[in-house]
Amino acid sequence: MAATRLPRPRGAATLLAAGVLLLSAMTAVLHTPSAQALENGVARTPPMGWNSWNTFGCNINEALIRQMTDAVVNSGMRELGYEYVVVDDCWMNPNRDSAGNLQGDPSRFPSGMKALGDYIHARGLKFGIYQAPLAETCAQYFNSYPGATGSLNHEAQDARQFAAWGVDFLKYDWCHPSGTIDDQVRTFAKIRDALRDAGRPIVYSINSNSIHDKTGPRRNWSDVANMWRTTEDITNKWDTGQTNGYPMGIQNIVNVTVPLASYAGPGGFNDPDMMEVGRGGMTDTEMRSHFTLWAIMASPLIAGNDLRNMDAATTTVLKNASLIAINQDSLGLQARQISNDGTRRVLAKRLANGNVAVALFNQGGSTTTVSTTASAIGLTGSSFTLRDAWTNGTTTTSGAISAGVPAHGTAVYVVSGGGGPAPTSFSLVSQNSGRCLDIPGSTPTNGALAQIWDCHGGTNQRWTRT
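Computed from a predicted model, the values in this text were never measured in an experiment. (Residues numbered from 1 in each chain as written. Predicted model: local features only at pLDDT ≥ 70, side-chain atom pairs only at ≥ 80, totals over all residues. Heavy atoms only, no water.)

Enquirer: Can you walk me through the state of the cysteines in this structure?
Expert: Think of a disulfide as a covalent bridge from one cysteine sulfur atom to another cysteine sulfur atom. One pass over the full model with this rule turns up two disulfides. Covalently, Cys 58 is tied to Cys 90 through a disulfide, its sulfur atoms 1.7 Å apart. Of this pair, Cys 58 sits in the loop between helix 2 (53-56) and helix 3 (62-74) while Cys 90 sits in the loop between strand 3 (84-87) and helix 4 (113-122), placing them 32 residues apart in sequence. Exposure remark for Cys 58: the relative accessible area of 15% places this residue in the buried category. We classify Cys 90 as buried; its relative accessible area is 0%. (Disulfide = S-S within 2.5 Å. Helix = DSSP H or I, 4+ residues; strand = E, 2+ residues; numbered from the N terminus. Buried < 20%, exposed > 50% of the residue type's maximum accessible area, 1.4 Å probe, protein only.)

Here it is as structure tokens:
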């Protein structure tokens, strides 16, 4: 880590000010993804909403999208943070107009796309739309929808069109076997910049993986987009046996996405794909695990079911306020893996108030006990409260965190108390000279920081933030 060089302090007040500045800078480093995040002012927490593809595919129209918009409101999901209504592939007229502009399909969306956006906005929600960076959308590539209306060579024009329609969210899908990862970065960046120049805040969601070498996990895409798919498309199965190929089950996606935790932060999140909660194909336990794991992995919570006829179990899962609060925590951190023995997996996510959310995940085929400790998840002390995110019941512990978890189930607790997060060590090196920063051995008093100065040479020193 490179730190800005500090001048030699000359008095107690200066010493304290320098220390506070350095502590603030280091705290910011704790929360910053390893690549420069896209700073477009949106997606400071994982986006939440609904997308048409998982349930309806190409069978969409204006009436359906309006009904789903109303269902987000009437179900109470809007008040919990679900705000983006995303119209996926097959919304477009197969032909651009004479000026090269995109158009809504006149038979499917007779009122036009701006009118649809106005309807969504009038209900306190936000408008999302689908497009592709090459010549064809995914449905067009597979010949299940006519035309070739991708954004290739129309990036600036399409970005202006989306802004004029009031679009708030763009899903941009590569869906083609051609192109290296460098080609993808350059191409995805074209409309990133065009959206910026269009002057409307728009969440930018990309998928580099469909029908392609799986480049999603191979870099931190936070400099390119606000959310980026980590795998091939999801399906409503627990395990399809895929490592990263079509279609992906819940367990398969978790295996790919967990190791990418360092990429996530405010403005940019790993996207394990739209949720399958409420679409069948899994047990209630598996559905609850699906939502729990998406929540603690700081994943976008984009529902994909038919919101007009949800059963009680689906409603309970999608409206779990405790898990949504964990997902929407302002630090924007993805849970990190604490342990995994192939059956029992523990993930922990630090929260802005100093608490830690911990998931005890049973990947096996029978009930087992999954355990960890407060120390292992980064807390110090000897007295803690565990709040169950599903029941909201509380228990106390001196440090042990444990639960009997059914097959494919996940218990999740918010852990509070103790002495707060454990100390973390950093190497500080002045940026220009390579000289180390040092702290004298004296003990700070009254909570003040110890003196900090450039030690004029020597090897890198360790400074511990407590």
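Next comes the rest of the account.
Enquirer: I'm lost on helix 9 (residues 284-296) in this one. Help?
Expert: One turn of an α-helix holds 3.6 residues; hence residues three or four places apart share an orientation. For helix 9, which comprises 13 residues, the first-to-last C-alpha distance of 18 Å matches the rise-based estimate of 18 Å (1.5 Å per residue) to within 8%. Residues of helix 9 that are buried: Glu 286, Met 287, Ser 289, His 290, Phe 291, Thr 292, Leu 293, Trp 294, Ala 295 and Ile 296. After helix 9 finishes, the residue Ala 298 shows a positive phi value of roughly 55 degrees. (Expected span 1.5 Å × (residues − 1).)

Enquirer: Looking at this model, I keep getting lost on the packing of aromatic side chains. Mind explaining?
Expert: Under the counting rule described, the total for this entry stands at 10 aromatic pairs. For the pair Tyr 141 and Phe 142, a centre-to-centre distance of 5.2 Å together with 90 degrees between the ring planes defines the contact as edge-to-face. You can call Tyr 141 partly exposed: its relative accessible area is 26%. Ring centres of Phe 162 and Trp 165 lie 6.3 Å apart, and the angle between their planes is 55 degrees; this geometry places the pair in the tilted category. You can see Phe 162 and its partner Trp 165 sitting in helix 6 (residues 155-165), three residues apart, about one turn around the helix. Its relative accessible area of 10% is what places Trp 165 among the buried residues. Chaining the aromatic ring pairs together yields one cluster made of Tyr 172, Trp 174, Phe 188, Tyr 204 and Trp 221. Above the face of the Tyr 119 ring, Arg 123 is positioned so that its terminal group lies 3.5 Å from the ring centre. The ring of Trp 390 has Arg 288 lying over it, and the distance from NZ or CZ to the ring centre is 4.1 Å. (Phe/Tyr/Trp six-rings, centres within 6.5 Å; stacked < 30°, edge-to-face > 60°. Lys NZ or Arg CZ within 6 Å of the ring centre and 35° of its normal.)

Enquirer: Any chance you could explain the packing of helix 8 (residues 250-257) against helix 9 here in plain terms?
Expert: Between two packed helices, the angle of one axis relative to the other and the distance separating the axes together describe the packing. Taken N-terminus to C-terminus, the directions of helix 8 and helix 9 make an angle of 15 degrees; their axes are 11 Å apart at the nearest point. Judged by the angle between their axes, helix 8 and helix 9 are roughly parallel. Two packed elements cross with a definite hand, and for helix 8 against helix 9 that hand is left-handed. Across from Ile 250, Ile 253 and Val 254 in helix 8, the residues of helix 9 making contact are His 290, Leu 293 and Trp 294. Here the contact of helix 8 with helix 9 is built from residues that sort into five nonpolar, one polar and no charged. (Axes fitted to C-alpha atoms, helices over the stretch in contact; angles between N-to-C directions. Parallel < 35°, antiparallel > 145°, perpendicular 65-115°, else oblique. Left-handed = near helix turned anticlockwise from the far one by under 90°. Contact = heavy atoms within 4.5 Å. Nonpolar A, V, L, I, M, F, W, Y, C, P; charged D, E, K, R; others polar.)

Enquirer: Would you take a moment to explain unusual backbone geometry for this structure?
Expert: Trans is the common state for peptide bonds, and a negative phi is the common state for residues other than glycine. Cis peptide bonds are those with omega within 30 degrees of zero, and the linkage from Tyr 246 to Pro 247 qualifies with -10 degrees. Inspection of the secondary structure puts Pro 247 in the loop between strand 7 (227-229) and helix 8. Here Cys 175, not a glycine, exhibits a phi torsion of approximately 50 degrees, which is positive. Among the structural elements, Cys 175 can be located in the loop between strand 5 (169-173) and helix 7 (181-198).

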